[in-house]
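Residue-level structural notes
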Amino acid sequence: MTAPAMALRSAARAEPGWLWNRRWDLTWISLSVVLVAVPYLLYLGLLEIQPILQPLVRSFGGDVESISRNAVNAFVALAVGGPHMYATFSRTALDTDFVKKHPRLVWSSLFIPLVVVALAFFNLPLLLTLFFFWASLHVLHQILYIVELYNHRAPTRLTRLSHLSDYAVVLSSLYPLAAVRIANGTFAIGTSNLSEVIGSIFPLGPWMVWVAGGMFAVALVVWLVKSAIEAARGDLHIPKTVFIGLTVVASFFVPLLPHLDTAFQGMNLWHSLQYLALTWMLNNLRVQRGELDRSPFVKRMSVSGSSRRYYLFNIGLTIADFLLALVIFLGIRYGLGQTFDFAFDRAYYIAILSFLWIHYYHDHYLFTQPQVIDSRETVPAPA
C-alpha cells in the first residue's frame, strides 16, 4: 500500500483550493469516508462464521465476540493505525531540526509509557476513558488541522464567523449520540463500561443529551446558513465544505453502533489513512524547500518516489510493536496466569497506547502549524 504515492502519480500541477488536486483530495481526504464502515462490516462478517472460528476460540480460551473484536482491532492497527502513529516521528523525533528546536517536547514524551503501564494494571477503565476522550480530541484536532490547511489554500479571505462556525460544527458533531449512550449506561469500549467511570466523576442524566445535542444543533444551523451565504456570494470553498460535511455525518452517526470499540475503529481507519497521505505529502514539500537536508534518513523517505519506503518503514515499526504486545501478552497470560481477555487487553493497550499517546502529544503541536503547506512552487514527481 502506497497511498500518498498512488495519489500523486497523476498530478501534473497543484489545483487552486485543493490541498493537492481534486483527485488526490477526494480519494484520500474526503471520499475515503466510505472506509468508516469497513471495520464494523468485517466484525459482523466474523460473527457470521462462528463455526470456523470455534477451534481458535477454544485454543485461546476466549469467545467468538472477543476474538472477532480483537481481530478487527489488530487488522486496523497493522494496516494503517500503527503506521500512521509512527509517521509522526518523521516530523518530530527523527527530524534533527525539530529536536533541536523542541527538546522539552521530545524528551517529556518518555513519561507517557510509564503512565500507560500503571493505568493498564491498576485502573484499566480509567485508561480507556482517557484514551477515548484523548482519541476523540485528537481526531477532531486533525480534522480542524485539515480545515486550516484548506483555509491556507482558500481563494478568498475568510471571515471570523466562517472560521468559528467550521470549528463549532466539527467539534460538536461527535458527542450528541455519544451523550445518549453515556447517559443510558451503554457507553462501553470492549469489556469496560465507561459510563460507570464517567458516572463516578459527575452524575449522568438527560442533561448531557440536551447540552451536547443543543450545542450541535446550534452549530449545525449556523454552519449551514453561513455556507449558504458564502455560496450565494460565490465565496464557498467547495473542497473544504465537502470535507466538513462528510466528517460531520460520519462523526454524528458512528456512536449509534452497538459495539463502540469496533465502530470507532472505522473512524480510526479513515483518520489514519488521511494522516499517512498528508504526512508524506507535507514532508515531500519540505524536502523540495530544503528543510530536511539535516535529516537524511527522513529525507530519503520523503523524496519523490519514496512513499513505498516510507510506508514499509512504518509497517516495520508497527510489526515490532505487535511483537512487543505478544511478549507482554505471554507474560501476563502464562507468567501471571491471567485470562485471555485480561492479558490481551492489557498487552494491546500497553504496547499500542504508549506510542499512540506520544503521537497525540506531538501532533497537538504539529496541528498548530498549517502554514507548512503554504509553499507550492514545486510539484512532486510520481512516487
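All values reported here derive from a predicted model rather than from experimental measurement.

1. With respect to the overall build of the chain
- For the chain, the count of helices and strands is 18 helices and two strands.
- In terms of overall size, the chain behaves like a compact globule, its C-alpha atoms giving a radius of gyration of 21 Å where 383 residues would be expected to give roughly 21 Å.
- Projected onto its principal axes, the C-alpha coordinates of the chain cover approximately 60 × 50 × 45 Å.
- By sequence separation, contacts in the chain at least 24 residues apart represent 77% of the contacts at least 6 residues apart.
- With an accessible surface of roughly 17,000 Å², the chain has 70% of that area assigned to carbon and sulfur atoms.
- Across the chain, the mean location of the 27 positive side-chain charges is 7 Å away from that of the 21 negative side-chain charges.

2. Topic: the packing of helix α9 (residues 124–152) against helix α10 (residues 160–172)
- Packing of α9 against α10 brings their axes to within 10 Å, and their N-to-C directions diverge by 155°. On the basis of the axis angle, α9 is roughly antiparallel to α10. As for how α9 packs across α10, the hand of that crossing is right-handed. In this structure, α9 uses Leu140, Ile143, Leu144, Val147, Glu148 and Asn151 to contact α10, whose residues at the interface are His163, Asp166, Tyr167, Val170 and Leu171.
- For the contact of α9 with α10, the residue count by class is seven nonpolar, two polar and two charged.

3. Remarks on the environment of tryptophan 270
- Within the element layout of this structure, tryptophan 270 appears in helix α15 (residues 260–288).
- In sequence terms tryptophan 270 and valine 34 are 236 residues apart; their C-alpha atoms lie 8.2 Å from each other.
- A polar side-chain atom of tryptophan 270 sits 2.9 Å from a polar atom in the side chain of serine 32.

4. Notes on the confidence of the model for the chain
- Looking at the chain as a whole, the pLDDT averages 86, with 90% of positions reaching at least 70.
- Within the chain, the lowest mean pLDDT, 43, falls on helix α1 (residues 3–8), and the highest, 95, falls on helix α14 (residues 238–253).
- Within the model, pLDDT remains below 50 along residues 376–382, and this stretch shows 22 contacts once partners closer than five positions in the same chain are excluded.

5. Overview of the side chain of asparagine 283
- Looking at where asparagine 283 falls in the secondary structure, it is placed in helix α15.
- Here asparagine 283 falls in the buried class, since its relative accessible area comes to 1%.
- Setting aside residues no more than four positions away along its own chain, asparagine 283 makes contact with Ser90, Arg91, Leu292, Val298 and Ser302.

6. Observations regarding a nonpolar patch on the surface
- Side chains of Leu78, Ile319, Leu323, Leu326, Leu330 and Tyr334 sit close together on the surface and give an oily, nonpolar patch of about 570 Å² of accessible area.
- Sort the elements by how many residues they give to the nonpolar patch and helix α17 (residues 307–335) lands first, with five residues.

7. What to know about the nonpolar core
- By size, the foremost hydrophobic cluster in this structure holds 101 residues, and its most contacted members are Leu19, Trp24, Leu127, Phe131, Phe243, Tyr349 and Trp357.
- Apart from residues no more than four positions distant in its own chain, tryptophan 357 is found in contact with Ile112, Val116, Leu127, Leu130, Phe131 and Trp134.

8. Let's talk about α9
- Its 29 residues give α9 an end-to-end C-alpha distance of 41 Å, which sits within 8% of 42 Å, the value for a rise of 1.5 Å per residue.
- Most of α9 is tucked away: 21 of the 29 residues are buried.
- With a side-chain oxygen lying 3.1 Å from the backbone nitrogen of leucine 126, the N-terminal cap of α9 falls on asparagine 123.

Conventions and cut-offs
Residues numbered from 1 in each chain as written. Predicted model: local features only at pLDDT ≥ 70, side-chain atom pairs only at ≥ 80, totals over all residues. Heavy atoms only, no water. Helix = DSSP H or I, 4+ residues; strand = E, 2+ residues; numbered from the N terminus. Rg over C-alpha atoms; globule rule 2.2 N^0.38 Å. Contact = heavy atoms within 4.5 Å. Areas by Shrake-Rupley, 256 points an atom, 1.4 Å probe, with all protein chains shown as cover. Lys, Arg positive; Asp, Glu negative; His and termini not counted. Charge placed at Lys NZ, Arg CZ, Asp CG, Glu CD. Axes fitted to C-alpha atoms, helices over the stretch in contact; angles between N-to-C directions. Parallel < 35°, antiparallel > 145°, perpendicular 65-115°, else oblique. Left-handed = near helix turned anticlockwise from the far one by under 90°. Nonpolar A, V, L, I, M, F, W, Y, C, P; charged D, E, K, R; others polar. Polar contact = N/O pair within 3.5 Å; in protein donor to acceptor, adjacent residues only side chain to side chain. pLDDT = per-residue confidence, 0-100. Buried < 20%, exposed > 50% of the residue type's maximum accessible area, 1.4 Å probe, protein only. Patch = residues over 30% accessible without salt bridge, like charges linked within 9 Å, V, L, I, M, F, W, Y side chains within 5 Å. Salt bridge = Lys/Arg side-chain N within 4 Å of Asp/Glu carboxyl O. Core = buried A, V, L, I, M, F, W, Y, C linked by side-chain atoms within 4.5 Å. Expected span 1.5 Å × (residues − 1).

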